[in-house]
Structure formats: structure tokens, C-alpha cells
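Single-letter residue listing:
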Amino acid sequence: MTRPERLVVVGNGMVAARFVEELHARGGTERFAVTICGREPGGVYNRVLLSAVLAGRHAARDVITHPLPWFAERGVTVYAGARVVSLRLARREIHTDSFVQRWDRLVLATGSRPRVPRIDGARDACGDLVRGVHLLSTLEDCEAIAARAATARRAAVVGGGLLGLEAARALAERGLAVELVHVAPHLMDRQLDADAARMLRRSLESLGVCVHVGERPSRVVLDAGGEVAGLCFGRGRAVACEMVVIAAGSRPEAWLARAAGLRVGATGGVVVGDDLASPDDPRVHAIGACAEHRGSAYGFVAPLWEQARVLAERLAGRHPGARYTGSSPSAKLKARGLDVAVVGQGSAGDGDAVLEHVQPRRGVYRKVVVREGRVVSATLVGDVTSFAHLAQVHERNVPVPRERARLLAAGRSQVERLVAWAYGAPVNEE
């Protein structure tokens, strides 16, 4: 009997677990001897729910999706808490802090690392974050923030993207007075236009979060005992706080690949083709937030799940010609009392149809951009009940008949009508 090929996965996060799940479902764990090496010390957990853990709505144990016995039951070896320090491509080896693992196929699923803007006073002489300044990236981070929040009265959150909003809302749920500081002119500037962001800001402020946009944090103020006492902005403004949470975006975690000589793209991710393999070594693959495909790196769950499925199909041999051709990201904010969802991306251009529905008193804003009969993007604030349908319409490229645009005039919301048209359902006048 020939020995199975050795398939090593670097990273033990959500994408790695999803890939192994997809591979096992297709018989790939019989074809390969699968080993996972990652720095997380325990089983795999759902990072999407970190803000819910921080808010106290979930216990840490509730977000574990793949405990270590799950892998063992499927014949997969996991080295949890094993930090990979180098890749040796010529020898087909990975080196950890304590051992060397050889491979025939390598899958990089190292995810992303938080962006930490330069803020004076945020780091100590050794380069570590000072006590009271936190990132929100891991379950360990979440538990540390929760512990600090138990004795703090005021918090500052740096970053007005999805994660920053979730962190601010979670801390507010814990009873803290929260100041959110965002460098761009409006919240969620990568996903929302100014009108939608204005509606979102009103909702956030109604929940007790004070928002400062167009402000760059410049310095963490420490008291005489070295404890966090405030956060200064670039224009000389300051807010008092006992803790600072930095949620200012992320970058692909690709330093291992770069050090090994693999191509890294403009996004900072490991370059892969439609086969999800590196052009420098066809036996090395990258999936998830660490990968760059056709110039894009994705951080939302749906594209990462699709990459995991495609690679599993290729390697298991069920569909060796499977290809990943890219994704149009969709995202939904996961914070109590804040309803925001975005489908696709791109602003309206000449010739596009723009469907808008605004109810300021209810805090509802809906906008759908239709180009050549297809949904290009959709923005939902205050009411996201149409998110799943619009995401399907967009993903499946379902045509929206132009001649039915006159039906926007009455009754049901514009977005609901658009979904009905897309699926050919009758629309009743009210």
C-alpha cells in the first residue's frame, strides 16, 4: 500500500476547520494524512460572535464550533498552540517553535492580523500594548477586554468599521460610556455612502455611543500609575477613558509566505490563481483572509467558505477542475439594536438605476443599484429583512426586468418589490 500524501494546514481558525470539514465530506481525509498547526491553544471558535461574547450575550464555550475531539474523530492531527516560524519550500517542511513537520501539500489559512495605527503611548518600551489598550481579534482578546470592562466606567473605541461598531455596542451593553473615534468622514466608509452612514450614526448615538468622525487618534493618556486615562485626537481634542479598544481593520497574515519567497500581492495577501495555488509552487495553496485572488483579499465569511469548498473539491479529487473565480462580498452587522447590511460593492454610474427608500423617523434607509438589469449593490440600514433575498439575487445574477420599475410607486418597500420581481413573483398593488 502507498502511504497517503501528507497535507499540512497552517492555521487553526474558522477557514482551516471549514476546509477540513469540506475535505472530509468528500473523502479527502482518506486520500491525505491531514495535520493542522496553529497558534490558537484550543478548539476552533466562531470569530463572528466575538462581539456577542464581549457583550455578555454568549459564554466563550458557546462559540466553540470544532472542539479538538472533532478533528481526532475524523483522523486529523491537530497541534494547537504550535506557532509556525518558517516554511522551507525546497525541503517541504514547516518549522514550529518545537518541531518540524514535512508535507506533500501545504494549505496556508493563517487569516489576518489587526491593523494598529500609530498612537503615542499605546505601546511600552518593549513594543507591547500597554495595560488597558486592547485589540479585538481572538477569544483571548475578548476575555481580556471583558475583564477590564468590569472595573472601567468609560471606554474609547478606535475604528468605525464593522468590528469597531460591534465593539462599541458591546461595551455600551456592559454599561460603559463609549466614545468611538473614526478617521474617515463617516462610519463604515468602505461599505456605506454618506446618507446611509448618517442614519447609522443616529442609531448608534441613540444607543449611548458618542461618535467622533474625521478624527485621527494621536495619543493615549496615561496617569501617574501608568493606567489609561484618556485618548487624544489629532486636532487637540481628548476624551476621558480607562480603556482603549483598537478595531481599525486588518491585513492578511502572510509574513510566513513572504519570508519563504512566495509571491505576496498589493493587499498583502498570498497570491493565488483560480486553482487557489501559488504561482510559485503549485503544491502550496492559500485560502481565507491571508490569500489574494485577482487582486482582492476577502475578510467576510461567504467568500472564505467558497474558497474552502473549491479547494476541498480539487484536492479530494471529486472535482479536480473546480475553480474559484472571485466573490462579491456581502456583510451584516452583528450588534443588538444596530441593523446594517451591505450586498455587493460599487457606487452608481451613468445609466444605472438607483432605487432609494428613506424613512428618517424610523431610521430606515434602503438603496439598491441596478446595472444592465442586475443588482450591483444594496445598502440596508434600520431594516435588513431583505438582506438574504438580495444577497441571493446579487450572487445568482438574477435579472431584474426594467419595465417593472414603475411598480416602485406604491405599497410595499422598494427592496421587497425588487426581490419579488427578480424571482418572478406577482406584485399586488395596495
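These remarks concern the structure in this document. Not measured: the values here are computed from a predicted model. (Residues numbered from 1 in each chain as written. Predicted model: local features only at pLDDT ≥ 70, side-chain atom pairs only at ≥ 80, totals over all residues. Heavy atoms only, no water.)

**Notes on the state of the cysteines**
Put plainly, a disulfide is one covalent bond tying together the sulfur atoms of two cysteines.
Here comes step 1: Counting across every chain of the model gives zero disulfides.
Here comes step 2: Not engaged in a disulfide, the cysteine Cys-210 finds its nearest cysteine sulfur in Cys-241; these two sulfurs lie 12 Å apart. (Disulfide = S-S within 2.5 Å.)

**Section: the nonpolar core**
Here comes step 1: Leu-7, Phe-19, Ile-94, Leu-106, Leu-108 and Ile-287 are the most contacted members of the largest nonpolar core, which totals 49 residues.
Here comes step 2: With seven residues, helix α9 (residues 301-316) is the single largest residue contributor to this core.
Here comes step 3: Other than its neighbours up to four places away in sequence, Ile-287 contacts Val-15, Phe-19, Val-107, Leu-108, Ala-109, Leu-276, Gln-307, Ala-308 and Leu-311.
Here comes step 4: Formed by 45 residues, the second largest nonpolar core is a distinct cluster that contains Tyr-45, Ala-149, Leu-187 and Val-211. (Core = buried A, V, L, I, M, F, W, Y, C linked by side-chain atoms within 4.5 Å. Buried < 20%, exposed > 50% of the residue type's maximum accessible area, 1.4 Å probe, protein only. Helix = DSSP H or I, 4+ residues; strand = E, 2+ residues; numbered from the N terminus. Contact = heavy atoms within 4.5 Å.)

**A closer look at the sheet that holds strand β28 (residues 374-381)**
Here comes step 1: The five strands are arranged β24-β25-β28-β27-β26 in an open sheet whose pairing can be described as antiparallel. The open sheet has two edge strands, β24 (330-332) and β26 (353-359), and neither has a second partner. Looking at each pair of strands side by side, their axes are set apart by 5° on average, direction ignored.
Here comes step 2: Bridge count between strand β25 (residues 340-344) and β28: five bridges; the pairing is antiparallel. Residue pairing across strands places Val-343 opposite Ala-378, the latter belonging to β28.
Here comes step 3: Strands β24, β25, β27 (364-371) and β28 of the sheet are contacted by helix α10 (residues 387-395), whose axis makes an angle of about 10° with β25. (Pairing = 2+ DSSP bridges. Axes fitted to C-alpha atoms, helices over the stretch in contact; angles between N-to-C directions.)

**Looking at the side chain of Lys-367**
Here comes step 1: For Lys-367, the position within the fold is in strand β27.
Here comes step 2: In contact with Lys-367, other than residues within four places in its own chain, are Asp-193, Val-354, Leu-355, Glu-356, Ser-377, Ala-378 and Thr-379.

**So, the packing of aromatic side chains**
Here comes step 1: Under the defined criterion, the tally for this structure stands at three aromatic pairs.
Here comes step 2: Measuring from ring centre to ring centre gives 4.9 Å for Trp-70 and Phe-71, while their planes differ by 85°; the resulting arrangement is edge-to-face. By the burial criterion, Trp-70 is buried, and Phe-71 matches it.
Here comes step 3: For the pair Tyr-298 and Tyr-324, a centre-to-centre distance of 6.4 Å together with 90° between the ring planes defines the contact as edge-to-face. Of the two residues, Tyr-298 is situated in the loop between β23 (291-293) and α9 and Tyr-324 in the loop between α9 and β24; the sequence distance between them amounts to 26 residues.
Here comes step 4: Taking the relative accessible area as the measure of exposure, Tyr-298 reaches 10% and is therefore buried. (Phe/Tyr/Trp six-rings, centres within 6.5 Å; stacked < 30°, edge-to-face > 60°.)

**Regarding the pattern of salt bridges**
Here comes step 1: Tallied over the full model, the rule gives 28 salt bridges.
Here comes step 2: With a closest N to O distance of 3.1 Å, Asp-104 and Arg-3 form a salt bridge. With a gap of 101 residues between them, Asp-104 in the loop between β8 (100-102) and β9 (105-108) and Arg-3 in the segment before β1 (5-10) connect regions that are remote in the sequence.
Here comes step 3: Between Glu-93 and Arg-91 there is a salt bridge; the shortest N-O distance is 3.3 Å.
Here comes step 4: Under the relative-accessibility criterion, Glu-93 is labelled buried at 8%.
Here comes step 5: By relative accessible area, which is 52% here, Arg-91 ends up exposed.
Here comes step 6: Overlapping salt bridges, with partners in common, bring together Arg-18, Glu-22, Arg-26, Glu-306, Arg-309 and Glu-313 in one network. (Salt bridge = Lys/Arg side-chain N within 4 Å of Asp/Glu carboxyl O.)

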